[in-house]
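One-letter residues, chain by chain:
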Protein chains: 2
Amino acid sequence: MTEISALRTRPVLPISTVMALTELTARQIRYYETQELIHPARSAGNHRLYSLTDIDALIEIREQLASGFSLADIRALRHPRRRETSDSEARRMLREELMNQGRLNPNDRHTLSQGFGFRS
Amino acid sequence: MTEISALRTRPVLPISTVMALTELTARQIRYYETQELIHPARSAGNHRLYSLTDIDALIEIREQLASGFSLADIRALRHPRRRETSDSEARRMLREELMNQGRLNPNDRHTLSQGFGFRS
DNA sequence: TCGCTGGTGTTAGCTAATCTAACACGTGCT
DNA sequence: AGCACGTGTTAGATTAGCTAACACCAGCGA
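Presented here is an overview of the structure given in this document. Going along each chain's sequence as written, the residues are numbered from 1 onward. By the order in which they are written, chains take letters starting at A while ligands take numbers starting at 1. A pLDDT threshold of at least 70 governs which residues receive local features in this predicted model, and a stricter bar of 80 or more applies before side-chain atom pairs are shown or counted, although totals over entire chains, interfaces and linings include all residues. Derived side-chain values reflect all non-hydrogen atoms in the structure, with water molecules and hydrogen atoms excluded from consideration.

1. Regarding the overall build of chain A
From N to C terminus, chain A includes six helices and two strands. Looking at chain A as a whole, 37% of its 120 residues qualify as buried. Across chain A, every contact between residues at least 6 apart in sequence was considered, and the portion connecting residues at least 24 apart equals 59%. Accessible surface, chain A as shown: approximately 7200 Å² in total, 50% of it carbon and sulfur. Think of it this way: any DSSP run of H or I at least four residues long counts as a helix, any run of E at least two long counts as a strand, and we number them from the N terminus. Under the scheme applied here, a residue whose accessible area is under 20% of the maximum for its type counts as buried, over 50% as exposed, and between as partly exposed, the area being computed with a 1.4 Å probe on protein chains only. Here a residue-residue contact requires only that any non-hydrogen atoms of the pair lie within 4.5 Å. For the area figures, the Shrake-Rupley method with a 1.4 Å probe applies, and any residue is considered shielded solely by the protein chains shown.

Spelled out as structure tokens, the structure:
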């Protein structure tokens, strides 16, 4: 079981692959980047390069958007920052709201890249 | 734990990604295809699309080449076919030769795509 | 030694994929 | 009504990938 390198965080996937795996459009994926939700690397030729971690993040973003959150909300959840109300509090509030909506099950996390790790 | 789809066999990776992950050149990857060792799918625009299974196969091919096998040998190992000497016999012979060379440990199989399945 | 074969490098010319920037549009909120 | 948000679409430019061809060299049998 050789560990090749940091595969999950290695930026090697072009946007077409990400589109296929997340079911998002290129427009959406690029827009979420302008909103600071993801930070893909760039190839020598300036093409975006994503990691599997990015893909998991995008899937989560897609679901949170579908749950009624704005991109600003989602950003706030992902990069905690100093505020009047404590971050942990805000996080808990939003999370509860999600639960109440029944859109998220705390024990049901599915990361796409886990699928890549299927063991024969 | 949602199972999205057959991720390991889903052809979504362009050749640039495969090059990065296998450390093979595009020339080598395409040549191994002409030798019937891999069979990538094609995009609507005729670009090759690889799966993680293909990547694992390519890594294995690279190692077997480095061990002194020819592509014809490797193809014979992968697609068993009727011959005078039984396939299992030929397979065993080649495998033993590998062992004797000390290039391969029967319990040390590393598949790249397992790395993709790192669980947080 | 000569000539062949297998595996790889490189190039040219073409098509597909991606990039940025801009404008459009609907929905929801004030 | 006016504005902000999230997304679609388009144009024009650049990079990535494709096929086909030619080159090269190490190894190997005649």
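So, next bit.
2. Describing the protein's contact with DNA strand D
In the vicinity of DNA strand D, 19 residues are found, and the nearest of them are Thr 25, Arg 27 and Leu 71 of chain A together with Ser 16 and Arg 48 of chain B. Nearness here has a simple test: a residue counts as near a molecule or strand if at least one of its heavy atoms is within 4 Å of that partner. Considering the 4 Å shell around the protein, atoms of DNA strand D inside it are sugar or phosphate in 77% of instances. Each polar contact in these results corresponds to two N or O atoms within 3.5 Å; when the atoms are within protein, one needs to be able to donate a hydrogen and the other to accept it, and residues that are neighboring in sequence are counted only if both atoms are side-chain atoms. For DNA strand D, a phosphate oxygen lies 3.4 Å from a polar atom in the side chain of Tyr 31 of chain A. When residues of the surface near DNA strand D are traced back to their parent elements, those giving at least two are α2 (26-34) of chain A together with α1 (15-22) and α2 (26-34) of chain B. Considering each element in turn, the surface near DNA strand D owes the most residues, four residues, to α2 of chain A.

3. Digging into α2 of chain B
Note: α-helices contain 3.6 residues per turn, so residues at a spacing of three or four share the same orientation. Residues and elements named next belong to chain B. Along α2, the residues that are buried comprise Ala 26, Ile 29, Tyr 32 and Glu 33. Projection of α2 onto a plane perpendicular to its axis shows the buried side chains occupying an angular sector of 135°, all on one side. Opposite the buried face of α2, by more than 90 degrees, sit the exposed residues Arg 27 and Thr 34. Residues of α2 that are buried make contact with α1, β1 (41-42), β2 (48-49), α3 (52-66) and α4 (71-78). For this quantity, the arc is that covered by the directions from the helix axis to the C-beta atoms.

4. Examining the protein's contact with DNA strand C
Ser 16, Arg 30 and Arg 48 of chain A together with Arg 27 and Leu 71 of chain B are the nearest of the 20 residues found near DNA strand C. Here DNA strand C approaches the protein such that, of its atoms within 4 Å, sugar and phosphate make up 75%. Within the side chain of Arg 27 of chain B, one N or O atom sits 2.7 Å away from a base oxygen of DNA strand C. The separation between a phosphate oxygen of DNA strand C and a polar main-chain atom of Leu 71 of chain B is 2.7 Å. Counting only elements with at least two residues in the surface near DNA strand C, the list comes to α1 (15-22) and α2 of chain A together with α2 of chain B.

5. Section: the pattern of salt bridges
When a carboxyl oxygen of Asp or Glu lies within 4 Å of a side-chain nitrogen of Lys or Arg, that pair is called a salt bridge. Overall, the coordinates contain eight salt bridges over all chains when judged by the stated rule. Measuring nitrogen to oxygen at the nearest pair gives 2.8 Å for the salt bridge that ties Glu 33 of chain B to Arg 48 of chain B. In this pair, Glu 33 of chain B sits in helix α2 while Arg 48 of chain B sits in strand β2, placing the two residues 15 residues apart along the sequence. The partner of Arg 78 of chain B in a salt bridge is Glu 60 of chain B, and the shortest N-O contact between them spans 3.8 Å. In this pair, Arg 78 of chain B is assigned in helix α4 and Glu 60 of chain B in helix α3, connecting sequence segments 18 residues apart. Through salt bridges with shared partners, a single network forms among Glu 33, Arg 42 and Arg 48 of chain A.

6. Description of the packing of aromatic side chains
All names here are of chain A. Ring pairs are drawn from Phe, Tyr and Trp, using the six-membered ring of Trp, whenever the two centres fall within 6.5 Å, and their geometry is named by plane angle: stacked under 30 degrees, edge-to-face over 60, tilted for the rest. Applying the stated criterion across every chain yields a total of two aromatic pairs over all chains. When the centroid spacing of 6.5 Å and the interplanar angle of 55° are considered together, the rings of Tyr 31 and Tyr 32 count as tilted. Tyr 31 sits in the partly exposed class, given a relative accessible area of 38%. Given a relative accessible area of 5%, Tyr 32 falls into the buried group.

7. Considerations on the nonpolar core
Side chains that are nonpolar tend, in soluble globular proteins, to be buried together. Joining through side-chain atoms within 4.5 Å is the link that ties buried Ala, Val, Leu, Ile, Met, Phe, Trp, Tyr and Cys residues into a set, and such a set is a nonpolar core. Within the largest apolar cluster, 44 residues are counted, with the highest numbers of intra-cluster contacts made by Leu 13, Ile 29 and Leu 58 of chain A together with Leu 13, Ile 29 and Leu 58 of chain B. Sorting the residues of this core by element identifies α1, α2, α3 (52-66) and α4 (71-78) of chain A together with α1, α2, α3 and α4 of chain B as the ones contributing at least two each. If sequence neighbours within four positions are ignored, Ile 29 of chain B has contacts with Ile 15, Val 18, Met 19, Thr 22, Leu 24, Ile 38, Tyr 50 and Leu 58 of chain B.

8. Describing the environment of Leu 7 of chain A
Relative to the helices and strands, Leu 7 of chain A is located in the segment before α1. Between the alpha carbons of Leu 7 of chain A and Leu 52 of chain A there is a distance of 7.9 Å; along the sequence they are 45 residues apart.

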